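Coordinates in review
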Amino acid sequence: MSYDQLMSLLGNWLLPGSLVAIMASMGLSLTPDDFRQVFRNRRALIFGVCSMLIVPPLIGVSLALTVAPTAALAVGFVLLATTPGGMLSNLFTDMAKGDLALSMSLTLMVSIIYIFVVPFYAHFALLHFMGMAAEVRVPLGSFFWNIFSITLLPATTGFLIRAWKPAFAIWFKSHLKRIATVVLFASFGVILFDQIPVLRENLGALFWITVALNLIMVAVVMAIARFAGFSRRENIAIGVEHLMRQEGTAIFIAVSVVGSNEMSLPMIMNTPVALCVVLLFVAVARRMPHREPRLATTI
């Protein structure tokens with residue numbers, strides 16, 4: 001197999017296939033009660049959803065406009081900043097003794113909204129940053145369908161299978177997610193190898209911009225959350241949700257939809273950086289004193 005054939009296999013089959021499998025496994029984990037849970041803690045949920053849709057994109061766009069080394073990397077940071085929280089956020093929220101129900105609700109709610117808003121984020125980021133460096137034509141309609149078919153459709157299929165055959169779904173999801181994760185990280189490795197020249201030139205900038213994105217984002221969100229008077233457990237859930245991202249979807253957009261491996265580097269860099277930051281956050285959160293929220297009213 002030639003190098004060009006390998007990259008074509010990666011962009012057209014391996015990366016989309018692994019993401020389909022991961023989204024399907026997410027659907028296999030969902031039950032109708034998960035959707036009912038979304039509305040049980042409305043005040044913190046509304047804050048968390050609005051924050052995820054506003055704060056990270058603003059910070060990501062600001063960093064992309066001011067310090068991103070190339071146009072493709074600038075789009076990559078916008079894609080990274082607009083991704084929803086990942087499923088690992090639920091695990092780390094539980095480890096930090098945060099509000100797990102709120103964490104799961106935020107992951108579910110923002111993931112659903114993300115499917116509908118990310119085509120607009122990505123489309124206009126491409127037009128703004130890449131318009132000067134290259135002619136990038138990405139029709140919004142087909143762009144939306146590509147993302148919809150790789151995210152919501154497999155997740156919905158998994159949800160229906162869980163409702164129809166719950167025992168099979170529980171057994172199958174762990175195997176499916178394990179295989180998909182291995183393929184996804186193998187794809188990361190191939191992309192990194194392909195982008196060694198870009199990494200050599202921009203590694204320092206990539207690293208420090210990614211660190212800055214995570215630290216600024218969680219600092220701003222936690223300051224606002226504390227001012228709003230949420231409980232310690234709610235603050236932890238909201239903070240972790242902003243750190244653990246669904247990089248796979250953004251990488252799919254960069255590599256398979258747009259066709260730019262360079263654009264995916266911020267997402268790949270964020271995987272180890274965010275993991276280190278969230279582990280530090282969990283360690284600090286476990287030592288935070290318990291306190292009652294100042295505002296007890298609900299919406």
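Residues numbered from 1 in each chain as written. Predicted model: local features only at pLDDT ≥ 70, side-chain atom pairs only at ≥ 80, totals over all residues. Heavy atoms only, no water.

1. Structural notes on the overall build of the chain
Per the secondary structure count, the chain includes 12 helices and zero strands. Tracing the chain from N to C terminus, the helices and strands come up as α-α-α-α-α-α-α-α-α-α-α-α. (Helix = DSSP H or I, 4+ residues; strand = E, 2+ residues; numbered from the N terminus.)

2. Re empty space enclosed by the protein
If a probe the size of a water molecule is rolled over the atoms, the empty space left behind becomes visible. Here the structure, examined in full by the defined rule, presents one cavity of 30 Å³ or more. By volume, the largest cavity is sized at about 50 Å³. Every residue lining the largest cavity is listed: Met 52, Leu 53, Thr 82, Thr 83, Pro 84, Val 110, Tyr 114, Val 117, Tyr 121 and Arg 245. At four residues, the largest contribution of residues to the lining of the largest cavity is made by helix H6 (residues 100-130). By residue class, the composition of the lining of the largest cavity is seven nonpolar, two polar and one charged. (1 Å grid on protein atoms, 1.4 Å probe; cavity = no way out; pocket = protein on both sides within 12 Å on 5 of 7 lines; lining within 4 Å. Points joined across faces, edges and corners; volume = space filled by probe spheres on them. Nonpolar A, V, L, I, M, F, W, Y, C, P; charged D, E, K, R; others polar.)

3. With respect to the nonpolar core
Core analysis: the largest hydrophobic core is formed by 83 residues, its most contacted members being Val 75, Leu 79, Ile 251 and Phe 281. With 12 residues, helix H9 (residues 196-228) is the single largest residue contributor to this core. (Core = buried A, V, L, I, M, F, W, Y, C linked by side-chain atoms within 4.5 Å. Buried < 20%, exposed > 50% of the residue type's maximum accessible area, 1.4 Å probe, protein only.)

4. What about the side chain of Glu 262?
With respect to the element layout, Glu 262 can be found in the loop between helix H11 (247-258) and helix H12 (265-285). Although Glu 262 lies buried, it forms no salt bridge, and the closest oppositely charged side chain, Arg 200, sits 15 Å away as judged by the N-O distance. Looking at Glu 262, its side chain comes within polar contact range of the side chain of Thr 70, at 2.7 Å. In contact with Glu 262, not counting residues within four places along its chain, are Thr 70, Ala 72, Leu 73, Gln 195 and Val 198. (Lys, Arg positive; Asp, Glu negative; His and termini not counted. Salt bridge = Lys/Arg side-chain N within 4 Å of Asp/Glu carboxyl O. Polar contact = N/O pair within 3.5 Å; in protein donor to acceptor, adjacent residues only side chain to side chain. Contact = heavy atoms within 4.5 Å.)

5. Re helix H10 (residues 232-243)
Taking 1.5 Å of rise per residue, 12 residues should cover 16 Å, and H10 covers 17 Å from first to last C-alpha, within 8% of that figure. Counting buried residues along H10, 11 of its 12 residues qualify, which places the element largely inside the surrounding structure. For H10, the full list of buried residues reads Arg 232, Glu 234, Asn 235, Ile 236, Ala 237, Ile 238, Gly 239, Val 240, Glu 241, His 242 and Leu 243. (Expected span 1.5 Å × (residues − 1).)

6. Brief notes about the packing of aromatic side chains
In this structure the tally under the stated criterion is five aromatic pairs. Each ring, one from Phe 168 and one from Trp 171, has its centre 6.0 Å from the other, and the planes form 40°; the classification is tilted. Here Phe 168 and its partner Trp 171 are both found in helix H8 (residues 166-194), three residues apart, which amounts to about one turn of the helix. Aromatic pair Phe 168 and Phe 172: ring centres 5.3 Å apart, planes at 10°, arrangement stacked. (Phe/Tyr/Trp six-rings, centres within 6.5 Å; stacked < 30°, edge-to-face > 60°.)

7. Remarks on the layout of surface pockets
Taken as a whole, the largest pocket holds about 540 Å³ of empty space. Lining of the largest pocket is provided by 20 residues; of these, Leu 88, Leu 184, Phe 185, Arg 245 and Glu 247 occupy positions nearest its centre. Counting only elements with at least two residues in the lining of the largest pocket, the list comes to helix H1 (3-29), H8, H11 and H12. A breakdown of the residues in the lining of the largest pocket according to their chemical character gives 11 nonpolar, six polar and three charged.

8. Observations concerning the packing of helix H4 (residues 71-81) against H6
Between H4 and H6, whose axes approach to 9 Å, the crossing angle comes to 155°. Judged by the angle between their axes, H4 and H6 are roughly antiparallel. Seen along the crossing, H4 lies across H6 with a hand that is right-handed. For the pair formed by H4 and H6, the contact residues are Ala 71, Ala 72, Ala 74, Val 75, Val 78 and Leu 79 on the first element and Ala 122, Ala 125, Leu 126, Phe 129 and Met 130 on the second. (Axes fitted to C-alpha atoms, helices over the stretch in contact; angles between N-to-C directions. Parallel < 35°, antiparallel > 145°, perpendicular 65-115°, else oblique. Left-handed = near helix turned anticlockwise from the far one by under 90°.)

9. Let's talk about the environment of Ser 8
Structurally, Ser 8 is set in helix H1. Taking the relative accessible area as the measure of exposure, Ser 8 reaches 36% and is therefore partly exposed. Sequence separation between Ser 8 and Ser 256 is 248 residues, and the spatial gap between their C-alpha atoms is 9.0 Å.

10. A short note on the confidence of the model for the chain
Here the chain averages 80 in pLDDT, and 85% of its residues register 70 or above. Ranking the elements of the chain by mean pLDDT puts helix H2 (residues 32-37) last with 70 and helix H3 (residues 42-66) first with 91. With pLDDT under 50 throughout, residues 132-136 is counted as low confidence; its partners more than four residues away or in other chains account for four contacts. Segment residues 295-299 is flagged for pLDDT under 50; beyond a separation of four residues in sequence, or across chains, it makes seven contacts in the model. (pLDDT = per-residue confidence, 0-100.)

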